[in-house]
Amino acid sequence: MQFSGKNAFLLLRREPAPGNEAIRIVADFPLAIPLWNNSSRVSPVFGVTNREYSSPVDFEFPGKWSLIFLGPVHPENVFPLASIQCHVWLSVGLFNVVLAVDDAPKATSIVDWAKEEQLPYERWEVEDGSIRDMSTWQPPDVQGDWRDVVARICKSAFRDELKEAIQEYCPLMASAISRSGGLPFDFATELVSFNQTVARLLEVYYRNVKDDRSYWALGQFLVINAGLSRFSSQTFAGATPIEHTECHFWLHSLLGIGLATAALRNVRTFIQSTLGEARLHDRFSALAQKTNTLDLTKRFPPDADYLGEVELGSPDPIIPLLTYFSARDGYRSTELTVSAPLAAVAACNSQRWSLLTLTHEFSHVIIRAIQARLYPDNNNPADLLNCLALIEANAPAENLFEEIRRIVLFSIVKMDDAAQNRKAGDSIDLNLASLQALLQRWRQDVDEILVHAFDFMYFYGQDVDKYVRGIWASWGTIPNIGTRVLDYVVRSICAVLTKHLRRGSKGEAFARDEVRAVLGALPAHGTGRRYIDQAIQYIDQYWDDVVLPRVRARRQLVKIVNVFLFSEGIATQVRGETQVSGGAGKKEGYEIVRGDLEVRRITNPLHFIEVFTDTLTPNATDSAWILYMLAFGCEPNG
Amino acid sequence: MDDRDSINLNGTLLEWPVREIERAQLEQCTALQYKGPIGDSRWEEFTFVSEQPLRGEEDRGRDGPFRYLVVCRRSGRRIAILSLSRRIVDRLTARLVSEVFALRFRRVTIAVDSLVKALVEHPTVYSLSFACARAPAFGAALRNVSFYGDDLGEASLFRENLHLLNCFVCGIRAVSGGSEIVRLNSDGRISFKMPKPDTVRQVEHVLRFLRGEGYLSTEIWPED
């Protein structure tokens, strides 16, 4: 079965006569508008090609039809389709297979098969476009003590706004868990686990938050509530009973985008099960046990898998990040959530809305955890005094962790010098106050350099073309970033510098040339082109005075990632794909045809996304195909 | 010596998820003619008649129809289909789906990476004669590597770097000697020399070994 590329919209609306609902397929969304009333809901449906069935794009259900909603199920696993002729459409909701059958006994055989397979279904009897009867599947209850946990959270003794936020959370989570019952994607287990994490945070962590930080805790809860609300609305809208569960992503208000959230969840699960479980922050902290004699500001450390060699004890379980789509948040990460832009649902086949951009957000999560220990705490005078001593000693620190911290401090001073155009030897005088100011000023920049270099090495495999095209395509979607283009140029070149550190002082120029070549080869027109022109101008005209000093000041940060944060063994887990059958050819070894809905297993969703999001033009059908492959091919339990 | 000894057969392990595959279904395909079993084995020989040339015959000025050797082994819902080239197998499979099966076959994937690592870590009666692998950690700097030999697991260069590799093709031979029995690809493709009853038995043993150790994505090749 293949996507045909002929898509339509399934429109449901309640007619003026009580209890009378109408359903029809229209070829394009504008055709639905004249039919719209206060109850109308709609979802895009995708046509498929096969000898046995068809997918009409304008269909009023003339005569008697059984309309059957099945899912989530891979369409090639709907075995009755081997012998029953019918109309077939696919959606990106949890009911992802929509069948129209004009033979009641055959429709019954499909429903019987679904019952046998314990597959959620709904069957609507339709006569000349009016729905005469509906039979629905009853989801099983989610077992366990989750209701007790929610009740305990609800009873938590917090004041004012935080109490309000917690009380909003409780029915939201209770509804999400209830609606996830019996669904193959096992959302229920993850939601129950997330709920337990929230309960633990409330009991252990937030309870100790002092008054002046209570708004920080409130902020965290608001983020959780916003993410959970979106996740629940997008995923479980369109689940049974369809007519009573409306999605607030209005173009998908009938069937929701549950399959898309499953795809997103599978990407997140993969990253958490590889990089997350590698616990780089714990390994990195263990470098404090390693004696040091090297001055890293002057010497390149010996080749070794520094993090890979660390033996971990029994670390705490990883907190599952709540994943959801959001038009407002776009690609964004917090301690507990990760979001992708809503536009990705219909455009994730393109470079600028590729789900591969998620890797940048996950890199932030990991670097944030590392920085929590590495970057000096500006509110801790003892820590600051220790940092001053490290700098003033002008000698290697006693252990590797402290030496790395020393080169971070060294970099911050250099970054400030470059920004202020100071000459060598004119650096700012360091004392407690000036160090505090520097640390505050450069925190985000240090994070970004580490994140870009990390993302480039772990997720892009130091492929300059893919990386530069990818990040500049995603930056192109952000309005009004003209003032940040210099920062983006510096970050791009710093990331690519990971390839050239061993080439000594010429490394920056090699990195520049590679970035410049890719930027120069990008299309002359299109989204974000003005930023690219600006970037090229910086490289061509302001390299020596503006760009190079900034890149050089960050060289030591790049070295930290290249030498100490990158582990070949861990990268093999992150970048490995065992479901390839060839080498580095056109499809990087995948025997997968774009648009073909073959049942295939993909063990590395990032590799799949990297290979198949290579176009400039968004396409809803190609995006739906990517979401199908990620949802069904990468299903962790499937 | 049989003139077919030097023929290399290429094919795929497949599964039809709906129900057991019967020979009668294969014979429903108008382009497929049953010839008979191979010796006393469960392997069956067919002829695929194609109007289109699938082995470059047009370059040699030959007209159709073109007849190609096909070797199958059915087992429950699974089937191995092999012929002189992958193109023939792909064309035949498409024809079978179109004329008879409606829902297409699934590939039975082979966990080649796990197999290679297990054979190196716990040597058995089989050794590795070939391995092709991705080296994902090195990204664009180093993409693929290949190894050839009589027993790759005995080479420390191979053993010590195996944790950095994802193997996707391997060749299997008996430790006791002889040439390569079968070459396995992670997407379910297999290839071996034109089977005679004794080579069929060797291939069958390897496939049973794969099934027994859980290297096939479905329960292919029950011990029937």
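Higher on the page you've got the structure.
Keep in mind that what you see is a predicted model, and the values were worked out from it rather than measured.

Caption draft 1: Quick look at the sheet that holds strand β9 (residues 322-325) of chain A. Residues and elements named next belong to chain A. Taken in spatial order, the 3 strands line up as β9-β11-β10 in an open sheet, and their pairing is mixed. Two strands close off the open sheet at either side, each with one partner strand: β9 and β10 (332-333). Two elements, β10 and strand β11 (residues 337-340), share 2 bridges in a ladder whose sense is antiparallel. Bridge pairing in β11 links Arg 332 to Ser 339. The sheet strands contacting helix α6 (residues 258-278) are β9 and β11, and the helix crosses β9 at an angle near 140°.

Caption draft 2: Quick peek at the packing of helix α13 (residues 464-475) of chain A against helix α15 (residues 507-521) of chain A. Residue and element names in this part refer to chain A. It is at 9 Å that the axes of α13 and α15 come closest, and there the two elements cross at 60°. Relative to α15, the element α13 lies oblique. In the crossing of α13 with α15, the sense of the turn from one axis to the other is right-handed. When α13 is examined against α15, the residues Val 464, Asp 465, Val 468, Arg 469 and Trp 472 are found in contact with a partner set consisting of Glu 514, Val 515, Val 518, Leu 519 and Ala 521. Each residue belonging to the contact of α13 with α15 can be placed in one class, and the counts come to 7 nonpolar, no polar and 3 charged.

Caption draft 3: Representation of the interface of chain A and chain B within the structure. Listed per partner, the contact involves 37 residues of chain A and 31 residues of chain B. Contact with chain B buries area across many residues of chain A, yet A:Phe79, A:Thr572 and A:Ser581 alone supply 18% of it, more than any other trio. On inspection of chain A and its partner chain B, the count reaches 4 salt bridges. Inspection of the region where chain A meets chain B yields 9 residue pairs in polar contact (both at pLDDT 80 or more). No other element matches the 5 residues that helix α19 (residues 568-575) of chain A contributes to the side of chain A that touches chain B. For the side of chain A that touches chain B, a count of residues per class yields 11 nonpolar, 14 polar and 12 charged.

Caption draft 4: Just the side chain of A:Asp445, in detail. Residues and elements named next belong to chain A. Tracing the backbone through its elements, the reader meets Asp 445 in helix α12 (residues 432-458). Within the local environment of Asp 445, its side chain forms a polar contact with the side chain of Arg 554, the two groups lying 2.9 Å apart. Asp 445 has contacts with Met 415, Arg 491 and Arg 554, leaving out every residue within four places of it along the chain.

Caption draft 5: The packing of aromatic side chains, seen in detail. Applying the stated criterion to the full structure yields 37 aromatic pairs over all chains. Considering the side-chain rings of A:Tyr169 and A:Phe221, the 5.7 Å spacing of their centres and the 85° angle between planes classify their relative orientation as edge-to-face. Here A:Tyr169 is found in helix α3 (residues 160-179), whereas its partner A:Phe221 is found in helix α5 (residues 214-236), with 52 residues between them in sequence. The pair formed by A:Tyr169 and A:Phe221 is uniform in burial state, with each residue classed as buried. Among the aromatic side chains, those forming a connected cluster through ring pairs are A:Phe3, A:Phe46, A:Tyr628 and A:Phe632. Note that A:Arg512 overlies the ring of A:Trp543, its terminal NZ or CZ placed 4.9 Å from the centroid. Lying across the ring of B:Tyr34, B:Arg23 places its NZ or CZ 3.9 Å from the centre.

About the thresholds
- Residue numbers run consecutively from 1 along every chain, following the written order of its sequence.
- Each chain is given a letter, starting from A, and each ligand a number, starting from 1, according to the order in which they appear as written.
- Where local features are concerned, this predicted model is filtered to residues with pLDDT of at least 70; where side-chain atom pairs are given and counted, the filter is 80 or more; whole-chain, interface and lining totals use all residues.
- Side-chain calculation: all heavy atoms of the structure are included, whereas hydrogens and water are not.
- Pairs of strands are assigned from DSSP output, requiring at least two bridges between the strands.
- Helix and strand labels come from DSSP, where a helix needs a run of H or I of at least four residues and a strand needs a run of E of at least two; each type is numbered from the N terminus.
- For this analysis, residues touch if any pair of their heavy atoms sits within 4.5 Å.
- Every axis in this analysis is a line fitted to C-alpha atoms, fitted for helices over the stretch in contact. Angles between the N-to-C directions lie between 0 and 180 degrees.
- Any angle that falls under 35 degrees is termed roughly parallel, while one over 145 is termed roughly antiparallel, one within 65 to 115 roughly perpendicular, and all others oblique.
- For a crossing to be left-handed, the near helix must be turned anticlockwise from the far one by less than a right angle; the clockwise case is right-handed.
- Residue polarity is assigned by list, with Asp, Glu, Lys and Arg as charged and Ala, Val, Leu, Ile, Met, Phe, Trp, Tyr, Cys and Pro as nonpolar; anything else, Gly included, falls into the polar class.
- Buried area: the accessible surface (1.4 Å probe) lost by two parts on joining, summed over both.
- In the sections that follow, a salt bridge refers to a side-chain nitrogen of Lys or Arg positioned within 4 Å of a carboxyl oxygen of Asp or Glu.
- Any N or O atom pair separated by 3.5 Å or less is treated as a polar contact, with the protein-specific requirement of one donor-capable and one acceptor-capable atom, and with residues adjacent in sequence counted only for side-chain atom pairs.
- The pairing test for Phe, Tyr and Trp rings, Trp by its six-membered ring, is centres within 6.5 Å, and the orientation test on the planes gives stacked under 30 degrees, edge-to-face over 60, and tilted for anything in between.
- Think of it in three bands: residues with accessible area under 20% of the maximum for their type are buried, residues over 50% are exposed, and the middle band is partly exposed, with areas taken using a 1.4 Å probe on protein chains only.
- A ring is scored as having a charge over it whenever the NZ atom of a lysine or the CZ atom of an arginine sits within 6 Å of its centre and within 35 degrees of its normal.

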